[in-house]
Amino acid sequence: MRVSVWLIAILLSVGPLTSFAQCVPDTTLQGTLEISPDSLVDAVGCQYYEEVLSFVLPRDTTAVIGGIPFTANFEYYTIDSVFNLPQGMEWECNLAPDCRYIVSYDSANVDTLGCVTIFGTPEIPTTYNVTVALTAVFSAFNQQDSAPATFSLPLTVNPCAFIGDCYSLELDDNCAPAILTAINNIPSGGQSGFSYQWSITGPNGYALNTTDEVLNPQIFSDPGTYFVNYEADIDTIGYILNGLTIDSVLCADIIDGGDLYWILKDPSGTELINTSANPISNGGDNLPIITNIAGLALVNGTYELQVWDSDAIGNDDGCATGSGGSGASIFFSIPSAQTGTFSQTNGGLKVTFTIDNPRSIITCADTVIIDPVPMEPTIVANGTDAVVGSYTWCTSQPLTLSVTNGDSVQWFLDGDPIMGQGNTLAVTSGGAYEALVVDLNTFCISPINAFFMDESTTPLPVIVENPDELSVQNPSGNLNYNWIDESGTIVASGPTFNPESSGDYRVVAVDASGCPSDTTAATNIILTNIDRWDIVAQSFNLFPNPSQGLMHLKGFLPTMSQVDIRLMDMLGRTVYQTQREVSQQFDVEIQVPGQLKGVFILSANTPYGPWQQKVVIK
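Residues numbered from 1 in each chain as written. Predicted model: local features only at pLDDT ≥ 70, side-chain atom pairs only at ≥ 80, totals over all residues. Heavy atoms only, no water.

*Asks:* Before we go on, may I ask you to explain the environment of Ile-565 in this structure?
*Replies:* Mapped onto the secondary structure, Ile-565 falls in strand E47 (residues 561-568). Taking the C-alpha atoms as reference points, Ile-565 and Tyr-505, 60 residues apart in sequence, are found 30 Å from one another. Contact partners of Ile-565, with chain neighbours within four places excluded, come to Leu-553, Tyr-576, Gln-577, Thr-578, Arg-580, Val-588, Ile-590, Leu-602 and Ser-603. (Helix = DSSP H or I, 4+ residues; strand = E, 2+ residues; numbered from the N terminus. Contact = heavy atoms within 4.5 Å.)

*Asks:* Would you take a moment to explain a nonpolar patch on the surface for this structure?
*Replies:* On the surface, a nonpolar cluster with roughly 240 Å² of combined accessible area is contributed by Met-570, Val-599 and Val-616. When you line up the elements, Met-570 lands in the loop between E47 and strand E48 (574-582). (Patch = residues over 30% accessible without salt bridge, like charges linked within 9 Å, V, L, I, M, F, W, Y side chains within 5 Å. Areas by Shrake-Rupley, 256 points an atom, 1.4 Å probe, with all protein chains shown as cover. Salt bridge = Lys/Arg side-chain N within 4 Å of Asp/Glu carboxyl O.)

*Asks:* Sorry if this is basic, but what is going on with the sheet that holds strand E33 (residues 409-413) here?
*Replies:* One open sheet accounts for five strands, arranged E31-E37-E36-E33-E34; its pairing is mixed. Single-partner strands in this sheet number two, and they are strand E31 (389-394) and strand E34 (416-418). Across the sheet, the axes of successive neighbouring strands diverge by a mean angle of 35°, strand direction being ignored. Where strand E36 (residues 431-437) lies against strand E37 (residues 449-456), five bridges are found, and the strand directions are antiparallel. Counterpart to Tyr-433 in the pairing with E37 is Phe-451. (Pairing = 2+ DSSP bridges. Axes fitted to C-alpha atoms, helices over the stretch in contact; angles between N-to-C directions.)

*Asks:* Even after reading the chapter, I still don't get the pairing of strand E20 (residues 271-274), so can you show me in this structure?
*Replies:* Looking along a regular strand, one sees side chains alternate from face to face of the sheet. Relative to E20, strand E19 (residues 260-265) is paired through three bridges, and the arrangement is antiparallel. Paired with Leu-264 across the strands is Ile-273, a residue of E20. Between E19 and E20, which pair antiparallel and follow one another directly, the connecting turn spans five residues, one of which, Gly-269, has a positive phi of 95°.

*Asks:* Help me out: how do you make sense of the pairing of strand E13 (residues 178-184) in this one?
*Replies:* Burial along E13 is one-sided: the face carrying Ala-178, Leu-180, Ala-182 and Asn-184 is buried and the face carrying Ile-179, Thr-181 and Ile-183 is not. Note: strand E12 (residues 167-171) against E13, five bridges, orientation antiparallel. Bridged to Glu-170 within E13 is Thr-181. Linkage of E12 to E13, two consecutive antiparallel strands, is achieved through a turn of six residues. Examined bridge by bridge, E13 and strand E16 (residues 218-220) share three bridges and lie antiparallel to one another. Considered in E16, the bridge of Ala-178 is made with Phe-220. (Buried < 20%, exposed > 50% of the residue type's maximum accessible area, 1.4 Å probe, protein only.)

What follows is the structure, given as structure tokens:
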């Protein structure tokens, strides 16, 4: 009696098991069926991940079968494999390499305690259905048996994140289409003076240029290389007047170079500086004059610098034209077309300015590679018929599905993965089938090809044997019946068949869709005329001949029959006789009396005809 069903039910309640060779089990687990922790924490893509699971498994279990309770003892467990791990991750158990956990019934300690680690650096973000294959070996009714089980636990790998000076980039997938999310790591915080430039180019003419501070998520539909360029221009201080030098003037007094003073007005006309109360005596002869203007913050607009020659009599002379009361100004604007040290002239007036614009320009560049997705798998049945949407499988005939494109194929039946298969799959049942192609270099997954496999089972016909005729028992009007001879040739159709010669015949039923049943076993028919008996008689064989008195008669008869066997001397007298009930294939042992020596005739009379052969007894 097998008890695998209830064992699997018990094991399925345990949960997933995975482990690392160097892990140490959690000895606080003291139950008979426990695992800790009971869920996997999320992994972050491109970062090392390690999770230890400790477990304790039961020593035995009680079940009721047929109303009788009994105990089945687990002898050992093995962790056979862990699959569906993210790329870049591995697993090992603490009892590597065989991962066998022996159960000792008389131990006072928990002896099925173990631990498992999954570890590595996952790269591809998605949720993986990590599955563990386990085998439990147990004994029941003094017999050893085993039962496989699989356990699954989701492991979510979050996207890899690149964190740089300028931005943080995150892709939701490495396969097209992928969404790029960017976080600006140099935010303005609402402060003026920040400006940005994002530029992304990619395959098939993809181009993005924006001055937005926050980049909207970008969909990369096509595989290939995308180039990301970023610039942050930080101009929060503005323009600073750090120097002003009067280089030359067109103004002078009769006896000296003039007494110079200057006035600086902001864009609103307000005087910021006015030195008219303290002119520089004979300043025109002591050029250049370096003013003490420095560190003066400038606002946007046009500034006016006036340079005058102070005269005690009449109007002051403007130093641009030397005329009284006019021609004294040089203008400059903010934002400035020039920064640093530069000169401006108006007539004979020349002034050198030092205007600084302290700002930071930060640039970053990166490339993002998006991998292509494999094509949807093309599925064919038995190498010829394309499978699209639905397919009818004649259960009497073998069916192999195969994928003609893609190197690594994963099959699913009714939503569950079919493990251990490659590009081909031998069909054993109907249901909802799915197949997808996995690129083992990038782990990109193709679209799914899904279809429904419908089973068509044509009932096996039953042959009724009549004299010189074969027929199908209770034939169906919805089926056609083909009769097949020994060579495999269809020799007739219909529910009845009148063979023209003796031999082995089979029949197969075919439904309206062309789906055949299994072929019946061979039925041998012997026609009742004499020609047909000759065929049967050819199967008779008497050996050894000559003999020491012990002989065997072998042969074939169409039905169970009574055979009269006689040994006659050369005068026709019966010297030995026996009757035997024989089956279709028979082997009759004949032991004649020891005193009989010489040449005799052995005959076998059957319901289908007589047979005889000369025999020598030594």
